[in-house]
Amino acid sequence: MAQAPGAEPQRLRDDVRSIAQLNMLHNLAAALNMLGDIEEIAAAITAELRTIIDYHNCRVYLLQPDGDTLFPVAFRGELFTEYATESLPALVTKLGEGITGNVALTKTSLLTPDARQVEFSVTIPGTDDDLLESMLAVPMIAGDEVVGVIVLSKLGFAQFDEDDQRLLEVLASHAAVAFQTARLLEAERREARVSGALLRLSQAMTSERTVGEIFQRAIETVPTIVPCIAAAAYTRDEETGVFRAARVLAIGAHSTKPRSEIADIPREIAETFLFSETEPFVIPQDVAIQVPADLRFIDEPGAVLVTPLRWDADGFGAIVAVGEVDGAPFDDDALSFARGIADITSLALGNARRLSELERFHELVETLDAIFWEADAKDLGLTFVGGRADPVLGSDAGAWPSQDRAWGDHVHEDDRQDAVLAVRTARDEGRDTTLEYRVRAPEGGDVWVRDLIHVVRRSRGPRQLRGLMVDITERKQAEQALQASERKYSEAFRRERQAAQQLRALDDMKNTFLEAVSHDLRTPLTSILGSAITLERANMDLPQDDAVDLVRRIAANARKLERLLGDLLDLDRLQRGIVSPQRRPTDVGELIRRAVEETEDHNGHALTVDVEPLVVSLDAPKVERIVENLVTNALRHTPPGAEVWVRALPEDGGVLLMVEDDGSGIPSELREVIFEPFRQAPGSATGHSPGVGVGLSLVKRFAELHGGRAWVEDRAGGGASFRVYLPGG
C-alpha cells in the first residue's frame, strides 16, 4: 500500500518524540525522588518540561493545608506584554475557581485549544480578555488526594495535543508523590527546627531575670519559627489599660521605628483589635492597615499575628509578628508555634517576677530575729541551721549539720531531757508542737527560746522535723518580774498582766505567722531546690519522664510560692489602700468554671459547679482570686469525700457567689474572726497545715473593694455556706 506523502517523516518525528518523552520522564522521575524541597521539585518540573513540550508559560500550583487555596510554587516562561503585570496575589486561586481550580476540584485534566471557549475560565487581572491562548491543565493526584495542578499555556490555537496530555498526566503522578514526600520531610525538618528553637528559648529563659531581657529573647526566637518581617513585645499597663512597646525587632533588610517614636496604644483602640486575650489570632492585612500610623512599629504591615501573654494575676501583654505585605497568610502551624513561644515567655515572666518578690521576701525573713532548722525525724540529727543563730547558738551553729550535732544538744542540760522527750512524742504522734526551753548563750547566761516544731510526714511516717526558734528571754523576764510584782503589789500586777496579755497576743500572732510561713515557704522551696539540684547533677541525662516529673514538681511548688507571696503582697496593698477595682464586663459563669478547673488537689472531694452565663462589670482577676480562695478553703477544711458546691446568682444588679460544703460548719464565735488577717479556724480536715491565714481575709477585702461584703452562715442540711455579694459597676 502506498503511503501518503510525508507520512514516513511524520512517523519518524513521532517516534523520536516518544523516545525523548520516555527519556525525560525516566530522568525526571529519578531526579524528583532525589529532591526533598518543594521549590526545587517545582523548578525541576518546569525546566524539564521545557525540553520536551513547547510552552510559553508553566505554573505549578500546590493545594494548601486549608484544602481550598491553590498557591503557585513555580512559574516559568516568557513574559509578554499581556503578562507583565502578573503578581503572586493575582496568581493565587481557590478550589473550583477558573480552569486551575476546576481541574483540582474535578480531578480531571483539561485540554483546550482556546481558553476563551471554557465557560469557567478566569482572566488574570491586567491581561487581554481577547488573548488567544491554548491551555493544558493536569491534576497531581496521590491516591484519592489532590496535591495540586500543573498548568501549561501557549499563545495560539491548539498548541497542545493528547500526547502532551498523556505525558503531563504521567509526570503529574510522579510529581504528586514527590511533593507529598517533600511536605513530610519539610514538616519533620520544621518540627525539629521549632522544637530546637523552643528548647533553646526555654534554656535561655532560665538565666534571664528582667522583663526586658525575656521579651528580647522571645522576639528573637519568633522569626526562627514563624516567617515574618518584624516582631515586637507589648505590655499592658495595669492602671490605664494602654499597651506599650517593650521591645521591637526588624528582620533582614526590613526596618522598624525606634521605640521612642512608637506611641502607646490607648485602651479603646487596643480593645478594638484585641480579638482574644487567651489564644493567638491573626489580624488580616486589610484590617491591620487601619491601625493609626503613629501606633504602628512598621510603616507597611502585612497580616499581623498576635499572641497574648499572661503572667501572675495582673500581668498581661502580647508578642506581635508582622508578615510580608501581600505574603502568604499565617497558618495554623504558625499560631501553634507562637503559642509555644508565648507559654515559655509567660512562664519566664512569672518566674522573674516571683524570684524578685521571693528575694524581697527572703530579705524580709532575714530581718526577723529567728532561727530556722531542720532535722532527721529518726535520730534528730540536724540537717540545716540558718537565720540569726549567732547571738543564741553561737557563730558555728551553721556548721552543726556537718558536725553530726542533733537537735537537743543545744538545750540547757536542766531542760534537755523533757524537751527531747516532747519532740520524740510529737514525732511519734505525727503532730506539731511548741516548746519553751533555755539555751546556754555563747557569751554566758541563759537565753529562753520558743521553738515551733513541724513534723513532715510521708506515707511511711514522719520523715523530717522543721522548726523556728524565737528568743523570748525578754518576755520570760517580764513574766518573772510580773510574778514577783504580784506577790507584792496585786493592783500593779493586774495592770502589768493586762499589758503582758497584749504582748502575748501580739507575740502569738507573730508566731502564728512565722509558723505558717516556715512551713508554707520552706516546704515548696525545699522541693524546688531538691528537684533543681537533681536536674543539675544529672546534667540532662535523666530519662525524659523523670526530668518532666521533676520540672512539674518545680512548677507546682513555684505556683504555691507564687500564691503565698501574692496573697501577702495583695493584703499589704489592700491595707495601704493603693488598690482600686478595674471593672470590665465579665462572664461570671466562665470565670468561676475556669477558677475551679485550675484549683489543685481536690483531695477526693466531690466538687459541683452550678453557674449560668451571667455578665457583670467586675474586676475579673480579683473575683477569680475570691473564687479560688473560697474553693481552696472549703477543700482544705472539709474531710476527704465531702461535697463542695460552687454557685452564682444574679442579685440587685450584681452577683451573689456561694461556696458551700457539707462539712462540720463554722462555730458562731469564729464567723467574724476567720475573715481577719492571720486568723484561722482550728486546723484543717486534711491533716495539713491550715495555711498562713490570709485567704479569707483577701476574700473580704476584695469584696469590700467592689463595694460588697463577705460572710458565712450555716448551710441547710449541714456544713458551711460562704457567701460574697458583689454589686455591678
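Note: the structure precedes this text.
Residues numbered from 1 in each chain as written. Predicted model: local features only at pLDDT ≥ 70, side-chain atom pairs only at ≥ 80, totals over all residues. Heavy atoms only, no water.

Colleague: Talk me through the overall build of the protein; I want residue IDs and the actual numbers.
Modeller: Helix and strand counts for the protein stand at 17 helices and 23 strands. For the protein, contacts bridging at least 24 residues in sequence account for 62% of all contacts bridging at least 6. When the accessible surface of the protein is summed, it comes to about 37,200 Å², and 50% of that surface belongs to carbon and sulfur atoms. (Helix = DSSP H or I, 4+ residues; strand = E, 2+ residues; numbered from the N terminus. Contact = heavy atoms within 4.5 Å. Areas by Shrake-Rupley, 256 points an atom, 1.4 Å probe, with all protein chains shown as cover.)

Colleague: Outline the packing of aromatic side chains, supporting the account with residue identities and numerical values.
Modeller: In total, this model carries seven aromatic pairs according to the counting rule given. Aromatic side chains Tyr234 and Phe297 sit 6.4 Å apart centroid to centroid with 50 degrees between the ring planes, which places their arrangement in the tilted category. Of this pair, Tyr234 sits in strand β7 (residues 230-236) while Phe297 is found in the loop between α8 (285-288) and β10 (304-311), placing the two residues 63 residues apart along the sequence. For the pair Tyr234 and Phe297, a shared accessibility class is recorded, and that class is buried. When the ring of Phe275 is compared with that of Phe281, the centres are 5.2 Å apart and the planes differ by 45 degrees; the resulting orientation is tilted. Judged by its relative accessible area of 46%, Phe275 falls in the partly exposed class. Owing to a relative accessible area of 7%, Phe281 belongs among the buried residues under this scheme. In this structure an aromatic cluster arises from ring pairing among Trp373, Trp407 and Tyr437. If you follow Lys476 out to its NZ or CZ, it ends over the ring of Trp448, 4.5 Å from the centre. (Phe/Tyr/Trp six-rings, centres within 6.5 Å; stacked < 30°, edge-to-face > 60°. Buried < 20%, exposed > 50% of the residue type's maximum accessible area, 1.4 Å probe, protein only. Lys NZ or Arg CZ within 6 Å of the ring centre and 35° of its normal.)

Colleague: Can you explain helix α16 (residues 620-636)? Please cite residues and give values.
Modeller: Residue pairs three or four apart in sequence face the same way in an α-helix, which turns once every 3.6 residues. With 17 residues, α16 extends 24 Å between its outermost C-alpha atoms, agreeing within 8% with the 24 Å of an ideal straight helix rising 1.5 Å per residue. Burial analysis of α16 places twelve of its 17 residues in the buried class, the great majority of the element. (Expected span 1.5 Å × (residues − 1).)

Colleague: Which residues make up the pairing of strand β14 (residues 433-440), and what values do they have?
Modeller: Residues of β14 alternate between two faces, with Thr433, Leu435, Tyr437 and Val439 buried on one and Thr434, Glu436, Arg438 and Arg440 left unburied on the opposite face. Examined bridge by bridge, β14 and strand β15 (residues 446-458) share eight bridges and lie antiparallel to one another. Along β15, the bridge assignment pairs Thr434 with Leu452. In this structure, the hairpin formed by β14 and β15 is closed by a connection of five residues, where Gly444 is found at a positive phi of approximately 95 degrees. (Pairing = 2+ DSSP bridges.)

Colleague: An account of the sheet that holds strand β20 (residues 643-651) is requested, with residue identities and associated values reported.
Modeller: An order of β18-β20-β21-β23-β22 is seen for the five strands of this open sheet, with the pairing classed as mixed. On the outer flanks of this sheet lie β18 (606-610) and β22 (709-714), each paired with one strand and no other. Going across the sheet, the axis of each strand differs from the next one's by a mean of 15 degrees, ignoring polarity. The pairing of β22 with strand β23 (residues 720-726) spans six bridges and is classified as antiparallel. Paired with Asp714 across the strands is Ala720, a residue of β23. Packed on one face of the sheet, α16 meets β18, β20, β21 (654-661) and β23 and runs near 15 degrees to β21. (Axes fitted to C-alpha atoms, helices over the stretch in contact; angles between N-to-C directions.)

Colleague: Can you lay out helix α2 (residues 38-50) for me, pointing to particular residues and giving the numbers?
Modeller: End to end, α2 covers 19 Å across 13 residues, agreeing with the expected 18 Å (1.5 Å per residue, within 8%). Within α2 the residues assigned to the buried category are Ile38, Ile41, Ala42, Ala44, Ile45, Thr46 and Leu49.

Colleague: Provide a residue-level description of the packing of α16 against helix α17 (residues 695-705), including the pertinent values.
Modeller: Axis separation between α16 and α17 bottoms out at 9 Å; the angle between their running directions is 145 degrees. The handedness of the crossing between α16 and α17 comes out as left-handed. Counting all contacts with α16, which are made through Lys622, Arg625, Ile626, Asn629, Leu630 and Asn633, the residues of α17 involved are Gly695, Leu696, Leu698, Val699, Phe702 and Ala703. Of the residues assigned to the contact of α16 with α17, the class counts are seven nonpolar, three polar and two charged. (Left-handed = near helix turned anticlockwise from the far one by under 90°. Nonpolar A, V, L, I, M, F, W, Y, C, P; charged D, E, K, R; others polar.)

Colleague: Please give an account of the environment of Ala245 that cites residues and values.
Modeller: With respect to the secondary-structure elements, Ala245 resides in strand β8 (residues 243-250). Of the residues examined, Ala245 reaches a relative accessible area of 13% and is grouped as buried. Between the alpha carbons of Ala245 and Asp264 there is a distance of 7.1 Å; along the sequence they are 19 residues apart. With residues up to four places along the chain from it excluded, the contact list for Ala245 reads Ala233, Tyr234, Arg259 and Ile262.

Colleague: Describe the nonpolar core, and please don't skip the residues or the numbers.
Modeller: Counting 39 residues, the largest nonpolar core has Ile592, Val655, Leu657, Phe722, Val724 and Leu726 as its most contacted members. Breaking this core down by element, the ones donating at least two residues are α15 (588-597), β19 (615-618), α16, β20, β21, α17, β22 and β23. In terms of residue count, the dominant contributor to this core is α16 (seven residues). Residues in contact with Ile592, not counting those within four places in the same chain, are Val609, Val611, Val627, Val646, Ala648 and Leu657. (Core = buried A, V, L, I, M, F, W, Y, C linked by side-chain atoms within 4.5 Å.)

Colleague: Before we move on, can you summarise unusual backbone geometry with the specific residues and values?
Modeller: Unlike most non-glycine residues, Ala158 shows phi in positive territory, near 55 degrees. The residue Ala158 is located in the loop between β6 (145-155) and α5 (162-205) in this model. In the Ramachandran plot, Asp652 falls in the positive-phi region, its phi being about 50 degrees despite a non-glycine side chain. Checked against the element boundaries, Asp652 lands in the loop between β20 and β21.

Colleague: Give me the lowdown on the pairing of strand β5 (residues 133-142), citing residues and values where you can.
Modeller: The buried fraction of β5 is high, at nine of ten residues. Bridging between strand β4 (residues 110-112) and β5 involves three bridges; their strand directions are antiparallel. Along β5, the bridge assignment pairs Thr112 with Met135. With ten bridges joining them, β5 and β6 adopt antiparallel strand pairing. For Ala137, the partnering residue across the bridge sits in β6 and is Val151.

Colleague: Provide a residue-level description of the sheet that holds β10, including the pertinent values.
Modeller: Each strand in a sheet pairs with another by means of backbone hydrogen bonds, the pair being arranged parallel or else antiparallel. Spatially, β8-β7-β11-β10-β9 is the arrangement adopted by the five strands of the open sheet, whose pairing is antiparallel. At either end of the open sheet lies a strand with only one pairing partner, and these are β8 and β9 (281-283). Averaged over neighbouring strand pairs, the angle between their axes works out to 25 degrees when direction is ignored. With respect to the sheet, helix α6 (residues 211-225) is in contact with β7, β8, β10 and β11 (315-322), its orientation differing from that of β8 by roughly 50 degrees.

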